[in-house]
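Structure assessment
Single-letter residue listing:
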2 protein chains.
Amino acid sequence: MALLEQTIASIPDSLDREAFNAARDRLRNQAKPAGSLGIMEDIAARLAAIKGCIDVKLTNKHIVTCAGDHGVTQEGISLFPAEVTPQMVLNFAGGGASVNVIGKHAGAIVKAADLGVNYDFDPDLPIFHKKVRHGTANFTKEPAMTREQAVESIEAGIEIVAELCAQAPVDLLGTGDMGIGNTTPSSAIIAVFSGIAVEKLTGRGTGIDDVALKNKIAVIQKGLDLHKPDPSDPIDVLSKVGGLEIGGLAGLVLGAAARKIPVICDGLISTAGALIACELAPAAKQYLFASHKSVEIGHKYMYDRLGLEPLIDLKFRLGEGTGAAVCMELLDLSTRILADIKTFEEVGVTKA
Amino acid sequence: MALLEQTIASIPDSLDREAFNAARDRLRNQAKPAGSLGIMEDIAARLAAIKGCIDVKLTNKHIVTCAGDHGVTQEGISLFPAEVTPQMVLNFAGGGASVNVIGKHAGAIVKAADLGVNYDFDPDLPIFHKKVRHGTANFTKEPAMTREQAVESIEAGIEIVAELCAQAPVDLLGTGDMGIGNTTPSSAIIAVFSGIAVEKLTGRGTGIDDVALKNKIAVIQKGLDLHKPDPSDPIDVLSKVGGLEIGGLAGLVLGAAARKIPVICDGLISTAGALIACELAPAAKQYLFASHKSVEIGHKYMYDRLGLEPLIDLKFRLGEGTGAAVCMELLDLSTRILADIKTFEEVGVTKA
């Protein structure tokens with residue numbers, strides 16, 4: 001708990017207002033109609049405020065894909081069998097998965113993290129080895145994990161950021177997830193925090209049909225009725241209906257914010273982790289960027305609660321960090337827009 | 001006219017169906033839920049069909065920013081003075097404008113083209129020198145240009161593609177525009193083709209106020225009432241209420257389609273050019289990709305008519321090719337998704 005508390009306490013209350021204003025001034029004076037690069041200008045100014053300078057360089061980019069298994073898959077809530085979780089972790093380590101390909105295109109280093117996969121990986125496999133337990137318990141019968149394990153999973157995420165930074169300063173962090181069944185705990189989490197009805201928040205995950213969707217909604221409701229997670233206590237929520245990778249994802253956000261590293265969160269599961277983080281430490285929101293709009297309907301409600309707007313809507317419903325990876329290129333581009341587009345004065349163009 | 005007719009005649013009627021099906025098969029067998037990379041999968045399959053292979057390499061990327069002046073600026077329809085058009089062409093040539101910065105990030109070569117700027121550039125300036133006349137006439141008083149000049153502007157665009165290809169094969173072309181006042185002819189063009197009321201299609205361009213917007217709508221209506229452009233004759237539309245850079249942009253699309261080069265069109269003005277091209281040669285649509293959703297309201301109606309959906313919505317309203325440049329990275333990424341993400345079989349992951 002000490003690490004979690006220390007980390008939360010070290011997140012700055014506010015960003016660099018001077019750098020923010022300098023960025024806004026430069027954007028306004030560039031030889032183009034004021035505000036004509038829309039959302040990219042907003043991103044550029046926030047990144048300047050995070051980094052404390054106008055010429056931000058996002059050189060060292062990382063994506064961490066947190067993996068965990070879910071006891072609740074026993075209830076038939078996913079199209080894929082649970083054995084796919086470890087198989088995909090091996091696929092990430094081998095470099096052939098979607099997030100590897102998209103991350104490479106964005107110039108990011110992709111690494112998976114085992115927070116709670118129900119499989120014993122070779123200790124030499126190039127992933128972060130942070131297993132808290134072999135998958136969660138089935139939350140329709142007992143809490144997904146203990147309170148101590150929930151804290152441990154968050155602290156594992158914080159440790160991962162520290163380990164990355166020990167090698168070289170990290171300029172931008174993307175989060176991603178892998179865990180068969182993990183849209184179920186994610187929908188449960190946003191249901192607790194928002195108070196919105198489960199059937200309004202629950203989507204088809206990897207592609208279940210109408211009958212399976214109805215079952216999935218009933219499974220989530222059963223978990224909430226049984227455990228009554230307390231929305232004012234995010235650790236309680238995570239432990240009762242969450243996931244180990246979701247705890248890890250929360251830790252990544254907290255660890256990054258404490259080091260002033262901007263974080264792009266991915267789809268439903270990454271954003272569930274970000275939600276846990278920001279319910280614990282609202283100041284972490286300043287470092288958080290939304291990526292894509294997921295096809296999963298609960299995602300919108302998470303963004304609403306975090307005060308974020310998705311940057312792109314390419315109808316992704318994959319996770320892994322794929323949406324975060326696509327958006328890394330946009331954040332990178334926004335820094336070039338701010339630093340490199342010349343002002344009216346610099347190029348002798350008449351101002352309107 | 002011979003060049004225009006030859007070019008239209010040489011656009012293939014259909015794409016490579018075999019490559020398209022092979023792409024769809026591979027995407028379906030990749031180790032991810034079917035269709036989970038959404039729109040990127042559709043783009044990848046169409047690019048495969050255009051190029052006739054699965055491992056598409058978009059190495060040689062170009063953006064051509066067509067510039068022209070507009071007599072109709074005499075009617076006070078723009079916030080910026082007309083002298084900004086040549087100033088911005090010099091800015092493009094110097095590499096400090098928005099499209100240069102965004103194009104560079106996308107790995108594209110950006111070059112401006114003078115189709116009809118009201119200024120005599122140094123012949124050594126590194127742009128395409130294709131001036132048809134020194135700006136259009138004020139279409140509230142006379143046709144913007146003659147029919148011959150309209151054809152000449154389109155053929156100039158076709159020639160630009162030929163000149164680019166003479167150096168090295170072009171893998172992807174982005175179009176962009178510069179011309180103070182050019183949202184006015186662009187809105188006029190979509191009004192003619194769609195039959196939708198001018199006030200529903202006309203936006204604020206670089207940022208005019210309510211009074212100026214009312215005037216802009218009246219100016220467009222006056223031009224349409226005076227000349228009655230024939231929607232079944234795209235050359236008639238272009239000559240009466242169009243622009244020289246819009247003709248050039250139409251030529252770029254036709255020239256690219258005739259050489260099986262995919263084209264990304266930018267905002268309102270580029271899409272007006274694409275519309276002229278596809279009204280002349282509907283088969284050109286197969287090679288056309290939408291980029292961003294412009295803040296200009298007429299843009300949506302153009303996309304509707306072309307059967308295109310914008311890829312991103314970043315609230316851009318700049319032109320120059322900036323939206324096309326951002327989307328070049330997405331098209332590039334889609335080719336990597338198709339070629340590089342491994343299949344279930346290749347990595348030994350269990351299929352749903």
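Residues numbered from 1 in each chain as written. Chains lettered and ligands numbered in written order. Predicted model: local features only at pLDDT ≥ 70, side-chain atom pairs only at ≥ 80, totals over all residues. Heavy atoms only, no water.

Considering the arrangement of structural elements, one finds T322 of chain B in helix α14 (residues 322-340). As for T322 of chain B and S98 of chain B, which are separated by 224 residues in sequence, their C-alpha atoms are 6.7 Å apart. What T322 of chain B contacts, discounting residues up to four positions off in sequence, is L37 of chain A together with S98, V99, I102, D266 and F316 of chain B. (Helix = DSSP H or I, 4+ residues; strand = E, 2+ residues; numbered from the N terminus. Contact = heavy atoms within 4.5 Å.)

What follows deals with the pattern of salt bridges. Residues and elements named next belong to chain A. With the rule as written, the count across this model stands at 34 salt bridges over all chains. In this structure, R24 and D42 form a salt bridge, with 2.8 Å as the shortest nitrogen-oxygen distance. With R24 in helix α2 (residues 17-29) and D42 in helix α3 (residues 38-51), this pair connects stretches of sequence that are 18 residues apart. On the accessibility criterion, D42 (39% relative accessible area) is partly exposed. Residues participating in the shared-partner salt-bridge network are D55, K57, R336 and D340. (Salt bridge = Lys/Arg side-chain N within 4 Å of Asp/Glu carboxyl O. Buried < 20%, exposed > 50% of the residue type's maximum accessible area, 1.4 Å probe, protein only.)

What follows deals with the packing of aromatic side chains. Taken as a whole, this structure holds four aromatic pairs over all chains when the rule is applied. A ring pair is formed by F80 of chain A and F344 of chain B, whose centres lie 6.4 Å apart and whose planes are at 20°; its orientation type is stacked. Pair noted here: F80 of chain A is in the loop between β1 (61-68) and α4 (84-94) and F344 of chain B is in helix α15 (residues 344-347), and the two residues belong to different chains. We note that F80 of chain A, like F344 of chain B, is buried. Above the ring of F289 of chain A, the side-chain terminus of R46 of chain A is found at 3.8 Å from the ring centroid. When the ring centre of Y301 of chain A is taken as origin, the NZ or CZ atom of K300 of chain A, which lies over that ring, is 5.6 Å away. (Phe/Tyr/Trp six-rings, centres within 6.5 Å; stacked < 30°, edge-to-face > 60°. Lys NZ or Arg CZ within 6 Å of the ring centre and 35° of its normal.)

Next up on the list: the relation of the copies chain B and chain A. Superposition record for chain B on chain A: RMSD 0.0 Å, screw rotation 180°, translation along axis 0.0 Å. Both copies of the chain, as the preceding transformation shows, are related through a two-fold rotation axis. By C-alpha distance to the rotation axis, the residue of chain B lying nearest is I312 of chain B, at 2.9 Å. Both copies share a contact surface, since 100% of the interface residues of chain B are interface residues in chain A too. (Least-squares fit on C-alpha atoms with pLDDT ≥ 70 in both.)

With that settled, consider the packing of helix α12 (residues 268-280) of chain B against helix α13 (residues 298-306) of chain B. Residue and element names in this part refer to chain B. Following both chains from N to C, one finds α12 and α13 inclined at 25°, their axes separated by 10 Å at the closest point. As summarised for this structure, α12 and α13 are arranged roughly parallel, according to the angle between their axes. Note that α12 runs across α13; the crossing there is left-handed. For the pair α12 and α13, contact is made by L268, T271, A272, A274, L275, C278 and E279 and by G298, H299, M302, Y303, R305 and L306, respectively. Residues of the contact of α12 with α13, tallied by class, amount to eight nonpolar, three polar and two charged. (Axes fitted to C-alpha atoms, helices over the stretch in contact; angles between N-to-C directions. Parallel < 35°, antiparallel > 145°, perpendicular 65-115°, else oblique. Left-handed = near helix turned anticlockwise from the far one by under 90°. Nonpolar A, V, L, I, M, F, W, Y, C, P; charged D, E, K, R; others polar.)

Our next topic: unusual backbone geometry. Residues and elements named next belong to chain B. Positioned with a positive phi, K315 is a non-glycine residue whose angle comes to about 60°. In the Ramachandran plot, E320 falls in the positive-phi region, its phi being about 75° despite a non-glycine side chain. Mapped onto the elements of the fold, E320 is located in the loop between α13 and α14. Overall, E320 belongs to the buried group, its relative accessible area being 2%.

Attention now moves to the environment of I127 of chain A. Residues and elements named next belong to chain A. With respect to the helices, strands and loops of the structure, I127 is situated in the loop between β2 (108-116) and β3 (128-129). Counting along the chain gives 13 residues from I127 to D114, while the straight-line C-alpha distance between them is 7.2 Å. The contact partners of I127, leaving out residues within four places of it in the chain, are V89, A93, K111, A112, D114 and F121.

What follows concerns the sheet that holds strand β5 (residues 263-265) of chain B. All names here are of chain B. Pairing in this open sheet of six strands is parallel, and the strands run β3-β2-β1-β4-β5-β6 from one edge to the other. Every interior strand has two partners, whereas the edge strands, β3 (128-129) and β6 (288-290), have only one. Taken together, the seven bridges between strand β1 (residues 61-68) and strand β4 (residues 172-178) define a ladder with parallel strand orientation. The residue bridging V64 from the neighbouring strand is T175, located in β4. Against the sheet, α14 touches β1, β2 (108-116), β4, β5 and β6, its axis set at about 170° to β4. (Pairing = 2+ DSSP bridges.)

Moving on, we come to the domain arrangement of chain A. The figure often quoted for interface size is the accessible area lost as the parts come together. Residues and elements named next belong to chain A. Split by domain assignment, chain A resolves into domain 1 (2-56 + 337-347) and domain 2 (61-330). Inter-centroid distance (C-alpha atoms) of domain 1 to domain 2 is 28 Å. With 18 residues of domain 1 in contact, the opposing surface of domain 2 contributes 26 residues. Among the residues of domain 1 in contact with domain 2, L4, I11 and R46 are the three that bury the most area, contributing 30% of the side total. Between the two partners, domain 1 and domain 2, sit zero salt bridges. The interface formed by domain 1 and domain 2 holds eight residue pairs in polar contact (both at pLDDT 80 or more) in total. Within the residue set of the side of domain 1 that touches domain 2, elements represented by two or more residues are α1 (2-9) and α3. Broken down by element, the residue count for the side of domain 1 that touches domain 2 peaks at seven residues, all from α3. The class makeup of the residues in the side of domain 1 that touches domain 2 is 12 nonpolar, three polar and three charged. (Domains from an automatic or database assignment. Buried area = accessible area lost by both parts, 1.4 Å probe. Polar contact = N/O pair within 3.5 Å; in protein donor to acceptor, adjacent residues only side chain to side chain.)

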